[in-house]
Amino acid sequence: MMINHGRSRRFWLRGLGALALATQIDGRSLARAADSPLSPLPTANPVRPLLRPRSLRPGDTIAIVAPAGRVSAADLQQGWQWLTQQGFRLVPGRHLFDRDGYLAGRDRDRAADLNRAFADPQVAAIICARGGWGCARILPLLDWELARSHPKILLGFSDISALLLAYYERSGLVTFHGPVIASRWNAFSTAAWQQVLMAGTAATLQNPPQQTHRVIHPGQAQGPLVVANLSVLAAMVGSTYLPQWAGKILVVEEVGEPVYRVDRLLSQLKLAGLLDQLAGFVFAQCTRCESPGDREPALSLNRVLDDWIRPLGIPSWQGLALGHVPDKLTLPIGIPVAIDAERATLQLLEAPVELRESLDRR
């Protein structure tokens, strides 16, 4: 395929111009909500029906927000161009390029961008620009009723998993652990993204052929799927933004944590009683998680996983295409799945999204 680089450059420059403008919708009620005193959090959340957003198709509008770490236009160039070339219309959040130290602007502004995107009837999906840190700071400022009344795709990973878990728990919304705009949109990640968010079928998801896995405990299990960054999940233990864990299939990933810290994080989940309630467990990828030099004796990651997970006696394995790696699956949080530890497969038992054709027939 011939690429007109001059035309591509002009196209990208026009895109950068669009990034400077946000959609012009009335956000006064959202601003009032963000500025008003917060009511006390409930001690227990009611069980909510599962809400599936509608599937994506070319021509849809996607809102791009930065709810965590600061981001630049260069960070977004490849993902922005790819989505635009697929026929999607991208709309930047008003505060996409704000900066406040390591954060993408003030808490109230990052939260307002999310609330505004959920309120906008033209927006079909919300994709986060990048992870970093900051999502937990804005959880008290988010409008869960907006997500219940306007269910739409919310996609991201790493620190974004705080939002994915909270929207699932507080709104009943199926959320999606997958690429951010700053990710590499390669062939595998693209096909996985399209399979879940566009085709929306109850598919079997698995690694690319060249990727290996290691069985921790053999077997098969079924249950609702929950996916998170391990550090983010452990930091949220004890809050009211996490789901109930009985019978869940938990998939975690991590980056930049030495093995002793992974050991500590898993011990936190065990001591909190979380691991003992699971029906299945997958440790996806631990990127740049080597132990620091030879300063002290170390355990291997395999040993740590065996110590904490194998005694649970539940189907479990290590090595799923997910997290801070080029090849990423897109996984729907809240959808019932069946896992097979020996085959390293994850089968969706229900459609992750509402297909447009089904909605049109209603």
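Residue numbering note: each chain is counted from 1, following its sequence as written. It should be noted that, the model being predicted, local features are given only for residues of pLDDT at least 70 and side-chain atom pairs only at 80 or more, the latter also being counted only at that level, while totals for whole chains, interfaces and linings use all residues. Excluding hydrogens and water, the side-chain values take into account all heavy atoms of the structure.

1. A word on the overall build of the protein
Under the convention used in this document: Only DSSP runs of H or I with at least four residues qualify as helices, and only runs of E with at least two residues qualify as strands; both kinds are numbered from the N terminus onward. Contact definition: two residues touch when any of their heavy atoms are within 4.5 Å. Methods summary: accessible areas were calculated by the Shrake-Rupley approach with a probe of 1.4 Å, and residue burial reflects only the protein chains presented.
In terms of regular secondary structure, the protein is built from twelve helices and 14 strands. Considering only contacts within the protein whose residues lie at least 6 apart along the sequence, 82% involve residues at least 24 apart. Accessible surface computed for the protein: about 15800 Å², of which carbon and sulfur atoms make up 51%.

2. Some details on the confidence of the model for the protein
For the record, the criterion: Confidence scores per residue from the predictor, reported as pLDDT, run from 0 to 100.
Of the residues in the protein, 84% have a pLDDT of 70 or more, and the chain-wide mean is 88. The model gives residues 1-42 a pLDDT under 50, and that stretch makes 43 contacts with residues more than four places away or in other chains.

3. As for the packing of aromatic side chains
Stated formally: Ring geometry is summarised as follows: Phe, Tyr and Trp rings, the Trp one being its six-membered ring, pair when their centres sit within 6.5 Å, and such pairs are stacked at plane angles under 30 degrees, edge-to-face over 60 and tilted between the two. Only protein chains enter the calculation, and the probe is 1.4 Å; a residue is then buried if its accessible area is under 20% of its type maximum, exposed if over 50%, and partly exposed in between.
For the structure shown, the criterion picks out seven aromatic pairs. Ring geometry for tryptophan 82 against tryptophan 193: centres 5.5 Å apart, planes inclined by 85°, an arrangement best described as edge-to-face. One end of the pair, tryptophan 82, is in helix H3 (residues 73-85); the other, tryptophan 193, is in helix H8 (residues 187-199), and 111 residues separate them in sequence. According to the relative accessible area criterion, tryptophan 193 is buried, its value standing at 0%. What links up through ring pairs into an aromatic cluster is the set Trp82, Phe88, Trp185 and Trp193.

4. Considering the state of the cysteines
Heads up, the rule is: Two cysteine sulfur atoms make up a disulfide if the distance between them is within 2.5 Å.
What the rule picks out here adds up to one disulfide. Two residues share a disulfide in this structure: cysteine 286 and cysteine 289, whose sulfurs sit 2.2 Å from each other. Given an S-S torsion of about -85°, the disulfide between cysteine 286 and cysteine 289 has left-handed geometry. No difference in accessibility class separates cysteine 286 from cysteine 289, as the two residues are buried. Of the cysteine sulfurs around cysteine 128, a residue in no disulfide, the closest is that of cysteine 135, at 6.2 Å.

5. A closer look at the sheet that holds strand E5 (residues 175-177)
As a reminder, the rule being used: Between any two strands, pairing holds if DSSP finds at least two bridges. Here, axes are lines fitted to C-alpha atoms. For helices the fit covers the stretch in contact, and angles between N-to-C directions go from 0 to 180 degrees.
Judged by pairing direction, the sheet is mixed, and its six strands sit side by side in the order E2-E1-E3-E4-E5-E12 without closing on themselves. Taken across any chain shown, the strands that pair with only one partner, and hence form the sheet edges, are strand E2 (89-92) and strand E12 (331-333). In this sheet, neighbouring strand axes are inclined to one another by 30° on average, regardless of whether the strands run parallel or antiparallel. Here strand E3 (residues 123-128) pairs with strand E4 (residues 153-156) via three bridges, running parallel.

6. Quick look at the nonpolar core
What counts is decided by this rule: For our purposes a nonpolar core is just a set of buried Ala, Val, Leu, Ile, Met, Phe, Trp, Tyr and Cys residues, chained together by side-chain atoms within 4.5 Å.
Judged by nonpolar contacts, the single largest core of 113 residues is most densely connected at Leu114, Leu163, Tyr167, Trp193, Leu233 and Phe281. Per-element accounting of this core gives the leading share, seven residues, to helix H7 (residues 161-171).

7. Some remarks on the environment of alanine 129
When you line up the elements, alanine 129 lands in the loop between E3 and helix H5 (135-138). Judged by its relative accessible area of 0%, alanine 129 is buried. Between the C-alpha atoms of alanine 129 and alanine 66, which are 63 residues apart in sequence, the distance is 5.1 Å. Excluding its chain neighbours within four sequence positions, the residues that come into contact with alanine 129 are Ile64, Val65, Ala66, Val71, Leu76, Leu96, Val180, Ile181 and Ala182.

8. As for the side chain of threonine 240
For the record, the criterion: Here a polar contact is recorded for every N or O atom pair within 3.5 Å, except that within protein the pair must consist of a potential hydrogen donor and a potential acceptor, and residues adjacent in sequence are included only if both atoms are side-chain atoms.
Its place among the elements puts threonine 240 in the loop between helix H9 (230-236) and strand E9 (249-255). Separated by 2.7 Å, the side chains of threonine 240 and arginine 170 make a polar contact.

9. Side note on the sheet that holds strand E10 (residues 280-287)
Taken in spatial order, the eight strands make up an open sheet running E6-E14-E13-E8-E9-E10-E11-E7, and their pairing is mixed. Two strands lie at the open edges of the sheet, namely strand E6 (204-206) and strand E7 (214-217), each paired on one side alone. Within the sheet, the average angular offset between the axes of one strand and its neighbour, ignoring direction, is 30°. Looking at chain direction, E10 and strand E11 (residues 316-318) are connected through three bridges and run parallel. Looking across to E11, one finds that valine 282 is bridged to tryptophan 317. Lying over the sheet, helix H11 (residues 301-309) contacts E7, E10 and E11, oriented at roughly 25° with respect to E7.

10. Description of the pattern of salt bridges
This is how it is decided: Between Lys or Arg on one side and Asp or Glu on the other, a salt bridge is scored when a side-chain nitrogen of the former is within 4 Å of a carboxyl oxygen of the latter.
Tallied over the full model, the rule gives eleven salt bridges. Note that arginine 52 and glutamate 350 form a salt bridge whose closest N and O atoms lie 2.0 Å from each other. Separated by 298 residues along the polypeptide, arginine 52 in the loop between helix H2 (28-35) and strand E1 (61-65) and glutamate 350 in the loop between strand E14 (345-348) and helix H12 (356-361) bring together distant segments of the chain. Relative accessible area serves as the criterion here: at 33%, glutamate 350 is assigned to the partly exposed category. Measuring nitrogen to oxygen at the nearest pair gives 2.9 Å for the salt bridge that ties aspartate 107 to arginine 110.

11. Things to note about unusual backbone geometry
Trans peptide bonds make up most of the peptide bonds, and negative phi angles are found at most residues other than glycine. Residues other than glycine seldom take positive phi values, yet serine 158 does so here, at roughly 65°. Mapping serine 158 onto the fold places it in the loop between E4 and H7. With relative accessibility at 11%, the residue serine 158 sits in the buried group. One non-glycine residue with positive phi stands out, namely alanine 344, at about 55°. By the secondary structure assignment, alanine 344 is in the loop between strand E13 (336-340) and E14. With relative accessibility at 3%, the residue alanine 344 sits in the buried group.

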